[in-house]
Amino acid sequence: MIQLLTPTHWKDYELIDCGDFEKLERFGNVILIRPEPQAVWSKVLPQTEWQRLHHIRFKGRSATSGEWIKKNPATPDRWHIEYKNPEAAIKFRLALTSFKHLGIFPEQAVNWDYISQNIKKFKTPDPKVLNLFAYTGGASLIARAAGADTTHVDSIKQVVTWGNENQELSGLKDIRWVVEDALKFVKRELKRGKKYNGIILDPPAYGHGPNGEKWKLEDHINEMMQDVVQLLDPDEHFLILNTYSLGFSAVIVENLIKSAFPKVQNLEIGELYLQATSGIKLPLGVFGKFYKHK
(Lines give C-alpha, C1' and ligand atoms only; values in the text may rest on other atoms or scores of the structure.)
Protein backbone atom coordinates (compact mmCIF):
# COMPACT_ATOMS: atom_id res chain seq x y z
CA MET A 1 0.00 0.00 0.00
CA ILE A 2 1.53 3.33 -1.07
CA GLN A 3 1.18 5.99 1.63
CA LEU A 4 0.82 9.75 1.19
CA LEU A 5 2.35 11.57 4.18
CA THR A 6 2.61 15.23 5.11
CA PRO A 7 4.07 16.91 8.24
CA THR A 8 1.64 17.52 11.10
CA HIS A 9 3.74 19.28 13.78
CA TRP A 10 4.95 22.42 11.96
CA LYS A 11 4.16 25.73 13.65
CA ASP A 12 7.00 27.71 12.03
CA TYR A 13 6.36 26.52 8.46
CA GLU A 14 3.36 26.85 6.16
CA LEU A 15 2.90 26.19 2.45
CA ILE A 16 0.35 28.86 1.54
CA ASP A 17 -0.08 28.09 -2.16
CA CYS A 18 1.76 26.69 -5.18
CA GLY A 19 1.36 26.60 -8.95
CA ASP A 20 2.76 27.95 -12.21
CA PHE A 21 6.18 26.55 -11.18
CA GLU A 22 6.30 28.58 -7.95
CA LYS A 23 5.49 28.14 -4.26
CA LEU A 24 4.43 30.68 -1.62
CA GLU A 25 5.75 29.66 1.81
CA ARG A 26 6.00 31.01 5.34
CA PHE A 27 9.11 30.24 7.37
CA GLY A 28 8.59 31.75 10.82
CA ASN A 29 7.40 35.29 10.09
CA VAL A 30 8.96 35.53 6.62
CA ILE A 31 6.92 34.73 3.49
CA LEU A 32 8.81 33.83 0.32
CA ILE A 33 8.12 33.05 -3.32
CA ARG A 34 10.47 30.37 -4.69
CA PRO A 35 10.64 28.30 -7.89
CA GLU A 36 9.05 24.82 -7.75
CA PRO A 37 9.52 22.57 -10.80
CA GLN A 38 6.83 20.12 -9.63
CA ALA A 39 4.07 22.78 -9.53
CA VAL A 40 2.90 22.39 -13.13
CA TRP A 41 -0.74 23.35 -12.33
CA SER A 42 -2.27 26.82 -11.89
CA LYS A 43 -2.08 28.78 -8.67
CA VAL A 44 -5.17 28.62 -6.44
CA LEU A 45 -4.81 32.11 -4.97
CA PRO A 46 -4.82 35.13 -7.31
CA GLN A 47 -1.50 36.71 -8.26
CA THR A 48 -2.52 39.88 -6.39
CA GLU A 49 -2.65 37.84 -3.15
CA TRP A 50 0.82 36.39 -3.78
CA GLN A 51 2.16 39.91 -4.33
CA ARG A 52 0.44 41.22 -1.21
CA LEU A 53 1.61 38.43 1.10
CA HIS A 54 5.25 37.85 0.18
CA HIS A 55 8.28 39.58 1.71
CA ILE A 56 11.02 38.11 -0.53
CA ARG A 57 11.00 36.56 -4.00
CA PHE A 58 13.68 34.47 -5.69
CA LYS A 59 14.38 35.43 -9.29
CA GLY A 60 16.35 32.77 -11.15
CA ARG A 61 19.17 33.73 -13.49
CA SER A 62 20.01 30.16 -14.46
CA ALA A 63 19.00 26.62 -13.50
CA THR A 64 21.27 26.77 -10.46
CA SER A 65 21.48 30.39 -9.32
CA GLY A 66 19.61 33.66 -9.01
CA GLU A 67 18.92 36.59 -6.68
CA TRP A 68 16.52 37.40 -3.86
CA ILE A 69 14.35 40.49 -4.29
CA LYS A 70 13.05 42.02 -1.05
CA LYS A 71 10.02 44.26 -0.75
CA ASN A 72 11.65 45.86 2.27
CA PRO A 73 15.48 46.03 2.30
CA ALA A 74 15.40 45.74 6.12
CA THR A 75 14.09 42.13 5.92
CA PRO A 76 16.93 39.98 7.33
CA ASP A 77 18.98 37.55 5.21
CA ARG A 78 19.13 35.11 8.16
CA TRP A 79 16.61 34.08 10.79
CA HIS A 80 15.74 31.13 13.04
CA ILE A 81 12.84 28.67 13.15
CA GLU A 82 11.96 25.77 15.45
CA TYR A 83 10.54 22.29 14.88
CA LYS A 84 8.95 20.41 17.76
CA ASN A 85 7.25 17.02 17.97
CA PRO A 86 6.25 14.99 21.07
CA GLU A 87 9.77 13.48 21.38
CA ALA A 88 12.16 16.34 20.58
CA ALA A 89 12.64 20.00 19.62
CA ILE A 90 15.29 21.45 17.28
CA LYS A 91 16.16 24.83 15.80
CA PHE A 92 17.48 25.91 12.41
CA ARG A 93 19.29 28.93 11.06
CA LEU A 94 17.80 29.83 7.68
CA ALA A 95 19.65 31.89 5.08
CA LEU A 96 19.03 33.23 1.59
CA THR A 97 21.46 31.24 -0.57
CA SER A 98 22.31 31.93 -4.22
CA PHE A 99 20.67 28.67 -5.32
CA LYS A 100 17.10 29.26 -3.97
CA HIS A 101 17.52 27.02 -0.90
CA LEU A 102 17.21 28.20 2.71
CA GLY A 103 18.91 25.34 4.57
CA ILE A 104 15.85 23.17 5.22
CA PHE A 105 13.44 20.86 3.40
CA PRO A 106 10.21 21.14 5.43
CA GLU A 107 8.58 17.95 4.10
CA GLN A 108 11.38 15.97 5.80
CA ALA A 109 9.63 16.58 9.13
CA VAL A 110 7.65 13.39 8.36
CA ASN A 111 10.93 11.46 8.49
CA TRP A 112 12.13 13.35 11.58
CA ASP A 113 9.03 12.12 13.43
CA TYR A 114 9.77 8.53 12.38
CA ILE A 115 13.38 8.88 13.58
CA SER A 116 12.52 10.27 17.03
CA GLN A 117 9.66 7.79 17.57
CA ASN A 118 11.87 4.79 16.79
CA ILE A 119 14.80 6.02 18.91
CA LYS A 120 12.48 6.45 21.90
CA LYS A 121 11.17 2.87 21.42
CA PHE A 122 14.63 1.28 21.18
CA LYS A 123 15.76 -0.81 24.13
CA THR A 124 19.41 -0.39 23.06
CA PRO A 125 21.12 2.21 25.30
CA ASP A 126 22.72 5.08 23.32
CA PRO A 127 21.54 3.79 19.91
CA LYS A 128 23.82 4.75 17.04
CA VAL A 129 22.37 6.67 14.07
CA LEU A 130 24.08 7.43 10.74
CA ASN A 131 22.78 10.27 8.54
CA LEU A 132 24.12 10.13 4.96
CA PHE A 133 23.83 13.01 2.44
CA ALA A 134 22.94 14.86 5.61
CA TYR A 135 22.83 18.50 4.36
CA THR A 136 22.32 21.00 7.24
CA GLY A 137 21.35 18.25 9.63
CA GLY A 138 17.62 18.16 10.36
CA ALA A 139 17.65 14.36 10.73
CA SER A 140 20.93 14.48 12.68
CA LEU A 141 19.55 17.07 15.10
CA ILE A 142 16.32 15.19 15.77
CA ALA A 143 18.22 11.92 16.28
CA ARG A 144 20.59 13.58 18.77
CA ALA A 145 17.74 15.38 20.54
CA ALA A 146 15.94 12.04 20.91
CA GLY A 147 19.03 10.56 22.58
CA ALA A 148 21.01 8.83 19.81
CA ASP A 149 24.78 8.76 19.30
CA THR A 150 24.71 10.48 15.90
CA THR A 151 27.10 10.61 12.91
CA HIS A 152 26.45 13.17 10.16
CA VAL A 153 28.05 12.69 6.72
CA ASP A 154 27.98 15.16 3.83
CA SER A 155 30.49 15.94 1.09
CA ILE A 156 30.14 19.74 1.30
CA LYS A 157 32.05 21.42 4.11
CA GLN A 158 29.87 24.56 4.16
CA VAL A 159 26.65 22.63 4.86
CA VAL A 160 28.34 20.52 7.56
CA THR A 161 29.46 23.78 9.22
CA TRP A 162 25.88 25.02 8.91
CA GLY A 163 24.67 21.80 10.56
CA ASN A 164 27.07 22.41 13.44
CA GLU A 165 25.61 25.90 13.89
CA ASN A 166 22.13 24.33 14.02
CA GLN A 167 23.40 21.93 16.69
CA GLU A 168 24.55 24.85 18.87
CA LEU A 169 21.32 26.75 18.21
CA SER A 170 19.34 23.67 19.29
CA GLY A 171 21.30 23.36 22.56
CA LEU A 172 22.77 20.00 21.49
CA LYS A 173 26.33 18.66 21.39
CA ASP A 174 28.50 15.69 20.40
CA ILE A 175 27.17 14.99 16.88
CA ARG A 176 30.07 13.50 14.91
CA TRP A 177 30.61 15.65 11.79
CA VAL A 178 32.18 14.00 8.73
CA VAL A 179 32.98 15.72 5.42
CA GLU A 180 33.28 12.83 2.98
CA ASP A 181 31.78 11.06 0.00
CA ALA A 182 28.89 8.99 1.47
CA LEU A 183 29.63 5.79 -0.48
CA LYS A 184 33.32 5.86 0.49
CA PHE A 185 32.39 6.40 4.13
CA VAL A 186 29.97 3.45 4.12
CA LYS A 187 32.57 1.12 2.59
CA ARG A 188 35.10 2.17 5.24
CA GLU A 189 32.61 1.59 8.06
CA LEU A 190 31.92 -1.90 6.65
CA LYS A 191 35.62 -2.73 6.80
CA ARG A 192 35.71 -1.53 10.40
CA GLY A 193 32.79 -3.82 11.30
CA LYS A 194 30.65 -0.89 12.49
CA LYS A 195 26.94 -1.28 13.20
CA TYR A 196 24.17 1.34 13.45
CA ASN A 197 20.66 1.18 14.87
CA GLY A 198 19.37 3.86 12.52
CA ILE A 199 20.42 4.90 9.01
CA ILE A 200 18.98 7.80 7.02
CA LEU A 201 19.72 8.34 3.32
CA ASP A 202 18.45 11.39 1.44
CA PRO A 203 20.59 11.29 -1.71
CA PRO A 204 20.47 13.94 -4.43
CA ALA A 205 19.80 13.09 -8.08
CA TYR A 206 23.32 14.36 -8.86
CA GLY A 207 26.23 15.32 -6.65
CA HIS A 208 29.97 15.39 -6.11
CA GLY A 209 32.19 14.21 -3.28
CA PRO A 210 34.89 16.42 -1.75
CA ASN A 211 37.50 14.94 -4.10
CA GLY A 212 35.38 15.15 -7.24
CA GLU A 213 33.67 11.76 -6.80
CA LYS A 214 30.58 11.65 -9.01
CA TRP A 215 27.20 10.63 -7.62
CA LYS A 216 24.29 9.87 -9.96
CA LEU A 217 21.27 8.44 -8.19
CA GLU A 218 20.25 5.74 -10.66
CA ASP A 219 23.86 4.62 -11.20
CA HIS A 220 24.89 4.37 -7.54
CA ILE A 221 21.84 3.89 -5.32
CA ASN A 222 21.70 0.09 -5.68
CA GLU A 223 25.36 -0.28 -4.68
CA MET A 224 24.79 2.09 -1.78
CA MET A 225 21.76 0.13 -0.55
CA GLN A 226 23.51 -3.24 -0.85
CA ASP A 227 26.34 -1.87 1.32
CA VAL A 228 24.39 0.20 3.80
CA VAL A 229 22.03 -2.56 4.99
CA GLN A 230 25.11 -4.49 6.16
CA LEU A 231 25.75 -1.69 8.67
CA LEU A 232 22.36 -2.22 10.36
CA ASP A 233 22.30 -3.76 13.81
CA PRO A 234 20.49 -7.09 13.23
CA ASP A 235 18.43 -6.95 16.43
CA GLU A 236 17.14 -3.38 16.54
CA HIS A 237 17.14 -0.88 13.71
CA PHE A 238 15.38 1.51 11.38
CA LEU A 239 16.28 2.75 7.90
CA ILE A 240 14.85 5.59 5.81
CA LEU A 241 15.56 6.02 2.10
CA ASN A 242 14.22 9.30 0.74
CA THR A 243 14.62 10.38 -2.89
CA TYR A 244 13.67 13.58 -4.66
CA SER A 245 14.05 12.69 -8.34
CA LEU A 246 11.36 13.25 -10.96
CA GLY A 247 11.99 9.78 -12.44
CA PHE A 248 11.77 7.78 -9.20
CA SER A 249 8.61 6.10 -7.89
CA ALA A 250 7.85 4.54 -4.51
CA VAL A 251 7.81 1.12 -6.18
CA ILE A 252 11.43 1.61 -7.31
CA VAL A 253 12.37 2.40 -3.70
CA GLU A 254 10.47 -0.67 -2.51
CA ASN A 255 12.33 -2.89 -4.99
CA LEU A 256 15.71 -1.41 -3.98
CA ILE A 257 15.08 -2.11 -0.30
CA LYS A 258 13.72 -5.64 -0.80
CA SER A 259 16.61 -6.51 -3.13
CA ALA A 260 19.22 -5.27 -0.65
CA PHE A 261 17.45 -6.54 2.50
CA PRO A 262 15.17 -9.54 1.76
CA LYS A 263 14.39 -10.08 5.46
CA VAL A 264 12.97 -6.57 5.85
CA GLN A 265 10.21 -6.13 8.43
CA ASN A 266 7.58 -3.36 8.77
CA LEU A 267 8.33 -1.86 5.36
CA GLU A 268 6.41 1.27 4.40
CA ILE A 269 6.66 3.06 1.06
CA GLY A 270 5.03 6.20 -0.21
CA GLU A 271 5.22 9.81 -1.22
CA LEU A 272 5.88 12.93 0.85
CA TYR A 273 3.89 16.06 0.14
CA LEU A 274 3.17 19.44 1.64
CA GLN A 275 -0.45 20.42 2.15
CA ALA A 276 -1.03 24.02 1.08
CA THR A 277 -3.43 26.18 3.06
CA SER A 278 -5.06 26.97 -0.29
CA GLY A 279 -6.05 23.29 -0.59
CA ILE A 280 -3.56 22.00 -3.17
CA LYS A 281 -0.95 19.30 -2.44
CA LEU A 282 2.72 19.65 -3.47
CA PRO A 283 4.50 16.28 -3.99
CA LEU A 284 8.12 16.34 -2.80
CA GLY A 285 9.74 12.94 -3.18
CA VAL A 286 9.25 9.28 -2.40
CA PHE A 287 10.35 7.23 0.61
CA GLY A 288 10.85 3.71 1.84
CA LYS A 289 11.35 3.00 5.54
CA PHE A 290 11.37 0.04 7.90
CA TYR A 291 12.14 -0.82 11.51
CA LYS A 292 12.77 -3.74 13.83
CA HIS A 293 12.49 -3.47 17.62
CA LYS A 294 13.52 -5.90 20.33
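The rules behind each value
- Residues numbered from 1 in each chain as written.
- Predicted model: local features only at pLDDT ≥ 70, side-chain atom pairs only at ≥ 80, totals over all residues.
- Heavy atoms only, no water.
- Salt bridge = Lys/Arg side-chain N within 4 Å of Asp/Glu carboxyl O.
- Helix = DSSP H or I, 4+ residues; strand = E, 2+ residues; numbered from the N terminus.
- Buried < 20%, exposed > 50% of the residue type's maximum accessible area, 1.4 Å probe, protein only.
- Core = buried A, V, L, I, M, F, W, Y, C linked by side-chain atoms within 4.5 Å.
- Contact = heavy atoms within 4.5 Å.
- Pairing = 2+ DSSP bridges.
- Axes fitted to C-alpha atoms, helices over the stretch in contact; angles between N-to-C directions.
- Polar contact = N/O pair within 3.5 Å; in protein donor to acceptor, adjacent residues only side chain to side chain.
- Arc of directions from axis to C-beta.

- Under an unreviewed UniProt entry, the name given to the protein chain is Oxidoreductase, and the organism recorded is Mucilaginibacter corticis.

1. Observations concerning the pattern of salt bridges
Argument step 1. Across all of its chains, the model carries 16 salt bridges by this definition.
Argument step 2. Residue Arg26 is joined to Glu14 by a salt bridge in which the shortest nitrogen-to-oxygen separation is 3.0 Å. With Arg26 in strand S3 (residues 22–27) and Glu14 in strand S2 (residues 13–19), this residue pair connects regions lying twelve residues apart in the sequence.
Argument step 3. Arg93 serves as the salt-bridge partner of Glu165, at 2.7 Å between the closest nitrogen and oxygen. You can see Glu165 sitting in helix H4 (residues 157–169) and its partner Arg93 sitting in strand S8 (residues 89–95), a full 72 residues away along the chain.
Argument step 4. With a relative accessible area of 10%, Arg93 lands in the buried category.
Argument step 5. Counted as one network, the salt bridges with shared partners bring together Lys187, Glu223 and Asp227.

2. Focus on the nonpolar core
Argument step 1. In terms of nonpolar packing, the biggest core is built from 43 residues, with Phe27, Leu32, Trp79, Phe92, Trp112, Ile115 and Phe238 touching the most fellow members.
Argument step 2. For Ile115, the contacting residues outside a window of four places in its chain are Ala139, Ile142, Ala143, Ile200, Phe238 and Ile240.
Argument step 3. Grouped together as the second largest cluster of nonpolar side chains are 34 residues, Leu132, Tyr196, Leu201 and Leu217 included.

3. A look at the sheet that holds strand S6 (residues 66–70)
Argument step 1. One open sheet accounts for five strands, arranged S2-S3-S4-S5-S6; its pairing is mixed. Every interior strand has two partners, whereas the edge strands, S2 and S6, have only one. Each strand of the sheet is rotated relative to its neighbour by a mean of 20°, with strand direction disregarded.
Argument step 2. Here six bridges tie S2 to S3, and the two strands are oriented antiparallel to one another. Across the sheet, residue Leu15 finds its bridge partner in S3, namely Glu25.

4. With respect to the environment of Glu189
Argument step 1. Mapped onto the elements of the fold, Glu189 is located in helix H5 (residues 182–192).
Argument step 2. Residues Glu189 and Gln230, spaced 41 residues apart in sequence, show a C-alpha to C-alpha distance of 9.8 Å.
Argument step 3. Excluding residues that lie within four positions of it along the chain, Glu189 makes contacts with Arg176, Lys194, Tyr196 and Leu231.
Argument step 4. Here the side chain of Glu189 touches Arg192 through a polar contact of 2.7 Å, side chain to side chain.

5. With respect to helix H7 (residues 250–260)
Argument step 1. Listed in full, the buried residues belonging to H7 are Ala250, Val253, Glu254, Leu256, Ile257 and Ala260. Projected down its long axis, H7 carries its buried residues within an arc of 160°, all on one side.
Argument step 2. Check the buried side of H7 and you find it contacts strand S1 (2–5), helix H6 (217–228), strand S15 (237–243), strand S16 (268–275) and strand S17 (281–292).

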